[in-house]
Structure formats: C-alpha cells, structure tokens
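Single-letter residue listing:
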Amino acid sequence: MLRLLVPLLLPFATRWIEAQERRILAEGVALDESGIADARRIGVMHPERVRLLRVSRVPLPGGAWLGSFGRWVGGPVREIAGLTARYGIFIRADVWGDRRLVAHELAHTKQYERFGGARPFLRQYLTECLTTGYASAALELEATEAAARCLAGTSSRNTF
C-alpha cells in the first residue's frame with residue numbers, strides 16, 4: 001500500500017535532493033586523501049566531485065512531518081547524522097570526522113552513480129523504505145556493509 005506513495009513523492013524528493021546537492025557542492029569541502037581513498041575502495045567513480053557540508057542539523061524535506069512519517073516507516077529515531085544528495089553529503093557537526101558515517105554516505109554516492117542519478121536512485125530507495133522499512137532496505141544494508149568492508153583493516157581516523 002505504501003509503495004503507491006512513491007510516484008507521488010518522487011518528483012518532490014528528486015527536486016529537493018537536486019537542490020541540496022547544488023548547495024553542498026557550492027558550500028562544502030572536498031574529500032581529503034583518506035576520504036578519496038575510501039571512496040575509491042567503495043567504488044565511487046568520481047570521488048573528486050564529492051563535497052561534505054558540516055551542518056548543525058541535517059535538513060529534511062517537509063521538516064517535522066517527514067520526520068514523523070520516517071519514524072513510522074522505521075527510519076532513524078534520533079536525528080539523522082548524514083544524508084547523501086548524490087555528490088553532496090551533509091554531515092552533522094557533532095559527528096564530523098566519523099569515518100564510518102562518511103563511508104556509509106559514500107556508498108550511497110556509489111548507488112546514485114549506479115542508478116544513473118537522483119530520480120532512479122530515489123525511486124528504488126523510497127520503494128524499499130516504504131515497503132520493507134528503513135532498517136531493512138537493501139540499499140541501506142548495502143551501504144552499511146560497504147562501509148564496514150572499507151574500514152576493515154584500516155585506521156579509523158579521518159581528518160576532513
């Protein structure tokens with residue numbers, strides 16, 4: 001039933017993500033050498049395009065309403081620590097430098113590349129979150145696993 005919401009949400013979500021990416025690319029910082037190495041290990045095709053933007057709170061489309069809806073479908077209960085808008089990544093200030101988080105978000109960048117952009121990625125991501133829930137969404141699990149593989153056997157320090 002919730003899957004039926006995807007066609008309704010997709011145009012709004014796509015425009016919002018594209019606007020956030022433009023903001024992050026304009027205001028964010030490039031990955032350092034360690035971040036570029038992690039991006040390459042994860043399989044990001046264009047790590048030089050990635051920018052990180054430190055924010056006090058990761059913005060969400062629809063504000064509090066979406067946050068409530070997100071929790072209803074099994075999204076993170078706490079404030080979101082990071083959000084990927086293709087090559088732009090928001091990182092909450094209090095977790096800035098968390099290499100595992102950045103690696104997880106870089107895995108989402110790889111997914112955007114694999115799907116061919118915001119709209120096709122969001123179609124799949126929203127469908128998964130609305131049908132199986134955030135915690136069980138295949139793209140989320142893939143990003144978590146990619147981050148763990150990336151960090152396995154390497155230093156957990158990062159110096160953005």
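Preceding block: the structure.
From a predicted model like this one, the values you see are computed outputs, not experimental measurements. (Residues numbered from 1 in each chain as written. Predicted model: local features only at pLDDT ≥ 70, side-chain atom pairs only at ≥ 80, totals over all residues. Heavy atoms only, no water.)

Within the protein chain one finds six helices and four strands. Per-residue burial over the protein chain gives 46% buried out of 160 residues. Looking at the protein chain as shown, the accessible area adds up to about 8,400 Å², and 56% of this sits on carbon and sulfur atoms. (Helix = DSSP H or I, 4+ residues; strand = E, 2+ residues; numbered from the N terminus. Buried < 20%, exposed > 50% of the residue type's maximum accessible area, 1.4 Å probe, protein only. Areas by Shrake-Rupley, 256 points an atom, 1.4 Å probe, with all protein chains shown as cover.)

Further remarks concern the sheet that holds strand 3 (residues 82-85). Strands pair in a sheet through their backbones, by hydrogen bonds, and they do so in one of two ways: parallel or antiparallel. The sheet built from four strands is open, its strands ordered 1-2-4-3 with mixed pairing. Of all strands in the sheet, those with a lone pairing partner are strand 1 (29-30) and strand 3, marking the two edges. Strand direction decides the pairing type here: strand 1 and strand 2 (residues 51-55), joined by two bridges, are antiparallel. Residue Ala-30 lies in a different strand from strand 2, and its bridge partner there is Arg-51. Strands in contact with helix 4 (residues 99-115) are strand 2, strand 3 and strand 4 (88-92); relative to strand 3, the strand with the most contacts, it is inclined by about 20 degrees. (Pairing = 2+ DSSP bridges. Contact = heavy atoms within 4.5 Å. Axes fitted to C-alpha atoms, helices over the stretch in contact; angles between N-to-C directions.)

This part is about the environment of Ile-24. Mapped onto the elements, Ile-24 comes out in helix 1 (residues 6-27). Here the alpha-carbon distance between Ile-24 and Gly-88, two residues 64 residues apart in the chain, equals 5.1 Å. For Ile-24, the residues in contact, after removing those within four places along its chain, are Arg-51, Leu-52, Leu-53, Ala-85, Gly-88, Ile-89 and Phe-90.

With that settled, the discussion passes to the pattern of salt bridges. This model, assessed by the stated rule, comprises six salt bridges. Between Glu-21 and Arg-86 there is a salt bridge whose closest N-O contact spans 3.0 Å. Here Glu-21 is found in helix 1, whereas its partner Arg-86 is found in the loop between strand 3 and strand 4, with 65 residues between them in sequence. A relative accessible area of 8% means that Glu-21 is categorised as buried. By relative accessible area, Arg-86 is classed as partly exposed at 31%. Where Arg-23 meets Glu-27, a salt bridge forms, and the shortest distance between an N and an O atom there is 3.5 Å. Here Arg-23 and its partner Glu-27 are both found in helix 1, four residues apart, which amounts to about one turn of the helix. Through salt bridges with shared partners, a single ionic network connects Asp-38, Arg-41 and Arg-99. (Salt bridge = Lys/Arg side-chain N within 4 Å of Asp/Glu carboxyl O.)

On to the side chain of Arg-92. Examined against the element boundaries, Arg-92 turns out to sit in strand 4. A distance of 3.3 Å separates a polar side-chain atom of Arg-92 from the backbone oxygen of Ile-80. (Polar contact = N/O pair within 3.5 Å; in protein donor to acceptor, adjacent residues only side chain to side chain.)

Before going further, it helps to examine the nonpolar core. In terms of nonpolar packing, the biggest core is built from 22 residues, with Ile-17, Leu-83, Phe-90, Tyr-112, Phe-121, Leu-122 and Leu-126 touching the most fellow members. Broken down by secondary-structure element, the contributors of at least two residues to this core are helix 1, strand 2, strand 3 and helix 5 (118-131). Here this core takes seven residues from helix 5, the largest share from any one element. Dropping the residues within four chain positions of it, Phe-121 is found in contact with His-108, Gln-111, Tyr-112, Phe-115 and Leu-139. Among the nonpolar cores identified, the runner-up in size contains 21 residues, and Ile-42, Ile-89, Ala-103 and Cys-150 belong to it. (Core = buried A, V, L, I, M, F, W, Y, C linked by side-chain atoms within 4.5 Å.)

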